[in-house]
Amino acid sequence: MKILVTANHVPFLHGGADHHIHGLVAALREHGHDTELLRLPFRFQPEADVERLMSYCETLDMTRPNGQAVDRLISLQFPGYGIHHPAHTVWVMHQHRAVYELFDDHQATPALRQLRQAVIDYDNRHLGRVSQLFANSARVAERLASHNGLAATPLYHPPHGAERLYHAEDWGYVFYPSRLEGLKRQDLLIEAARHLRSPAKILIAGDGGQRARYEAIIERHDLKDRVTLTGQISEAQKLACYAHALAVFFGPFDEDYGYITLEAMLAAKPVITCTDSGGPLEFVRHDETGWVVEPSPEAVAEAIDAAWANRRLAAEMGQAGREAYQAHGIGWDSVVARLLGQEKA
Amino acid sequence: MPPSFDDIDRLLARLKQEARELPEAGNDASTVQAVPMFRHQRLIDELKAARECQGLPLVDARRPQFVELLAMDQGAESFVRHLYRRLLGREPDPEGMAGYLRRLPRVGRAFTVANMLISDESRRFREQAGIRVDVPAGLLVPVKRLQRTGKAGKVLLLPVMGVCRLWEIAWRSRLRLEARSLRTEARMHQLHDQMTTVLGDVDGQLGRLDHFLGEQQGAARDVQRLRDEQAALWSAIQHQRRAYERTLELPPVERGSIEPANVHQDLLDAYYVAFEDACRGSEAQIRAHLRHYLVQLDQARQAGTAALDLGCGRGEWLSLLVEEGFEPTGIDLNIAMVEHCREAGFACHHQDAVSALREAPDNSQAVISGFHIAEHLPFDVLYALIDEAHRALAPGGVLILETPNPENLLVGSHTFYHDPTHRNPLTPTSMTFLLTYHGYGDVQVRRFNPYPEEAQVPGDDPLTERVNGHLCGPQDFAIIGTKVADRTEEAA
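Please read these numbers as outputs of a predicted model, since none were measured by experiment.

Engineer: When you look at the side chain of R143 of chain A in this model, what are you seeing that I'm missing?
Structural biologist: Residue and element names in this part refer to chain A. Mapping R143 onto the fold places it in helix α4 (residues 138-148). The exposure class of R143 is buried, given its relative accessible area of 5%. Separated by 3.1 Å, the side chains of R143 and E101 make a polar contact. Setting aside chain neighbours within four positions, we find R143 in contact with Q95, R97, E101, N148, D254, E255 and D256.

What follows is the structure in structure tokens.
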């Protein structure tokens with residue numbers, strides 16, 4: 001069938017969203033659907049720009065543009081889900097976060113306040129009437145329920161290059177690949193090194209705004225023999241680092257979804273995460289496929305020591321994680337089937 | 001005990017090494033370790049075992065229904081065991097079983113269920129396991145009340161028991177039917193869950209099979225290539241035979257270093273040291289590069305610790321060999337280099353490569369290496385070097401020859417000729433054949449030192465990729481071969 005996918009385009013800001021968008025389009029095409037991608041130019045500022053794009057979307061009808069019948073419209077992001085189509089499936093990657101979970105009442109400008117009300121109305125109006133409503137993860141579905149009272153079904157998709165992840169003997173280190181940002185909390189892991197009783201090493205990959213601060217922590221506590229910030233690494237290096245890890249740490253604050261959990265599970269490695277980490281908690285079972293601990297360096301260190309103390313058990317937990325991943329049935333095939341309503345939940 | 005690394009830099013180097021050896025996405029994936037197979041067998045075993053050992057299944061294990069607990073279609077013993085498992089979470093002890101079986105005909109099943117439900121043990125277990133049981137309040141309340149009132153209550157219990165008994169008898173066939181139908185439903189749920197898991201697993205396996213199928217196709221291409229090479233081998237054998245026949249008639253050719261005609265060798269040596277100093281990379285760069293070969297050293301270790309480095313230069317490689325626990329000897333034709341190495345405390349001889357190799361006993365060396373010497377040698381000398389090295393290597397020992405890589409056009413047409421003592425570039429293909437021909441096993445080409453990212457033409461279209469590949473690709477390559485144990489020796 002003819003399928004139109006809508007998403008935003010934020011020039012020169014690339015990340016997980018692009019993988020998600022292109023992954024979906026590729027999967028739809030692979031299933032023989034004539035698929036095109038419509039990307040809307042998006043600017044976060046000024047707020048009036050966002051409102052203009054919202055009203056523009058509301059005027060668009062993609063049922064039969066220029067006489068070309070479109071069988072299905074699939075929207076991934078705000079505000080594309082305001083475009084009109086009788087068979088409109090929405091798979092919410094995340095809402096406009098600036099007016100929801102990141103909104104701070106004390107610091108908000110009048111313009112942002114006004115936008116907030118407009119966006120909430122827009123979401124309620126359009127998301128409430130689409131044919132099918134999915135969320136990127138249970139965490140996103142929860143937010144839709146609490147902010148807008150909307151019921152969305154969580155629908156998971158595989159991380160990029162899932163088939164290339166492999167498993168190999170552990171070389172006694174904990175791995176954490178992510179952008180070096182405050183919300184990702186690499187400092188929990190770095191500080192955990194001060195409390196370790198075992199000689200486990202810590203490899204932190206990625207780059208970002210917090211690099212200098214993290215380097216300073218390592219310097220201050222003289223942890224450079226235990227902890228390394230590798231900087232940006234290649235795809236192949238990431239695969240090798242996953243393969244030989246003793247365990248993977250993924251303890252961000254309130255993550256939407258988080259590919260790292262899934263990648264670790266695919267490499268059959270146990271995951272250490274925190275009680276307030278959001279997305280990973282949907283997958284990690286404490287003492288079965290990893291450790292769910294308080295967000296404190298001491299608790300993280302204890303989990304790492306536990307993994308070191310019984311490396312065979314840690315390996316078994318990794319295997320259990322891989323099985324859990326399979327049991328979730330995460331794959332583009334099932335995503336396509338669910339989005340097109342060809343399979344019941 | 002799995003390995004761990006005391007030194008975090010060493011750990012990183014190994015990881016990077018492994019990453020470099022991973023195939024590019026979408027290319028031949030044969031070196032990627034197979035993903036371990038999961039569950040398959042265990043699930044089949046579970047399915048087989050499900051009938052025998054799981055006892056009587058419930059529609060919802062956390063909310064047993066009264067009819068399910070009564071299990072009127074089951075014998076007395078099976079009923080008691082079922083109650084123990086579901087309400088106490090354990091197997092019955094022989095004493096308990098005997099007691100229940102004795103009382104059962106008198107008190108009936110409904111009363112037995114109620115009695116067990118109000119016990120402290122069952123309450124604790126249900127609370128812990130989150131189990132809720134729906135039992136008619138009309139039954140549970142009087143049993144609970146009367147049990148508390150002591151002896152008088154016990155007497156009053158008798159009529160309750162009687163009513164229960166009569167109810168059970170009156171509805172026996174109906175209760176039996178319901179129990180059976182609920183159990184069928186429970187079994188269906190169980191099977192459905194197992195089926196879903198098995199299908200998920202099979203789906204995963206199919207995905208992997210697809211992947212392996214791709215690898216197989218790669219292997220088929222390799223077989224074709226081997227067939228092609230076979231022809232070349234036959235012709236080589238004929239050449240060999242003729243060459244052998246000629247040596248029977250002619251005296252062997254004397255091979256040695258060529259005397260310079262006009263300029264004294266010492267002057268040339270001094271020039272060459274100066275040239276190398278001007279062109280060589282930093283100590284740290286060279287060291288970092290040589291660490292690429294740690295994998296080969298790990299492999300060679302099984303063949304002993306003796307190592308011979310041909311053209312050892314300033315001894316950077318000798319130093320790494322010593323660090324890794326080998327006992328290397330360096331060979332160099334340049335007396336200045338030899339002295340430098342001796343001062344640094346290494347064993348080092350002033351000698352040409354082939355005669356040094358000829359002096360080495362059979363099967364004596366774990367590592368024989370030559371960094372950037374092959375391109376200085378006339379072909380017959382290179383040929384003899386590879387042949388003698390094979391003889392001198394112990395089974396499992398490794399030969400490493402590194403040389404400029406003419407696949408990079410700038411190397412082949414330009415930088416190669418910076419060095420006045422270079423003869424002609426050697427190609428990975430010809431070197432692979434040369435080692436294979438001499439009987440080395442596991443012959444591999446490793447490519448190093450591409451131009452840095454910033455020197456490349458930006459873009460990712462096919463034309464740019466090709467330009468970058470030809471002009472900015474790896475500037476050096478190493479040919480690596482392993483001495484394979486001689487079968488006849490093994491047998492002896």
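From this point, the narrative continues.
Engineer: Please explain the UniProt feature "domain: Glycosyl transferase family" (unreviewed entry) in chain A as it appears in this structure.
Structural biologist: The positions that UniProt labels "domain: Glycosyl transferase family" (unreviewed entry) are, in the present scheme, residues 170-323 of chain A. With 40% helix and 17% strand, residues 170-323 of chain A has its two end C-alpha atoms placed 19 Å apart.

Engineer: Is there a simple way to think about the UniProt feature "domain: DUF4214" (unreviewed entry) in chain B in this case?
Structural biologist: Summarizing the sequence annotation, UniProt attributes the feature "domain: DUF4214" (unreviewed entry) to residues 65-121 of chain B in the numbering used throughout. Helix makes up 75% of residues 65-121 of chain B and strand 0%, with an end-to-end C-alpha separation of 19 Å.

Engineer: Would you mind going over the sheet that holds strand β1 (residues 2-9) of chain A with me for this structure?
Structural biologist: Sheet strands line up and pair through hydrogen bonds in the backbone, either parallel or antiparallel. All names here are of chain A. The six strands lie next to each other as β2-β1-β3-β4-β5-β6, forming an open sheet whose pairing is parallel. Bordering the open sheet on either side are β2 (34-41) and β6 (153-154), each of which pairs with just one other strand. Pairing of β1 with β2 involves eight bridges; the strand directions are parallel. By the bridge assignment, I3 is partnered in β2 with T35. The strands touched by α4 are β4 (88-92), β5 (132-135) and β6; relative to β5, the strand with the most contacts, the crossing angle is about 120 degrees.

Engineer: Even after reading the chapter, I still don't get the sheet that holds strand β6 (residues 441-448) of chain B, so can you show me in this structure?
Structural biologist: Residues and elements named next belong to chain B. Read across the sheet, seven strands follow the order β3-β2-β1-β4-β5-β7-β6 without closing on themselves; strand pairing throughout is mixed. At either margin of the open sheet sits one strand with a lone partner, and together these are β3 (347-350) and β6. Shown here is a sheet whose adjacent strand axes are inclined to one another by a mean of 15 degrees, direction ignored. By the bridge criterion, six bridges tie β6 to strand β7 (residues 476-482) in an arrangement that is antiparallel.

Rules behind the numbers
- Residues numbered from 1 in each chain as written.
- Chains lettered and ligands numbered in written order.
- Predicted model: local features only at pLDDT ≥ 70, side-chain atom pairs only at ≥ 80, totals over all residues.
- Heavy atoms only, no water.
- Helix = DSSP H or I, 4+ residues; strand = E, 2+ residues; numbered from the N terminus.
- Buried < 20%, exposed > 50% of the residue type's maximum accessible area, 1.4 Å probe, protein only.
- Polar contact = N/O pair within 3.5 Å; in protein donor to acceptor, adjacent residues only side chain to side chain.
- Contact = heavy atoms within 4.5 Å.
- UniProt positions renumbered as here; feature names shortened; annotations may be inferred.
- Pairing = 2+ DSSP bridges.
- Axes fitted to C-alpha atoms, helices over the stretch in contact; angles between N-to-C directions.

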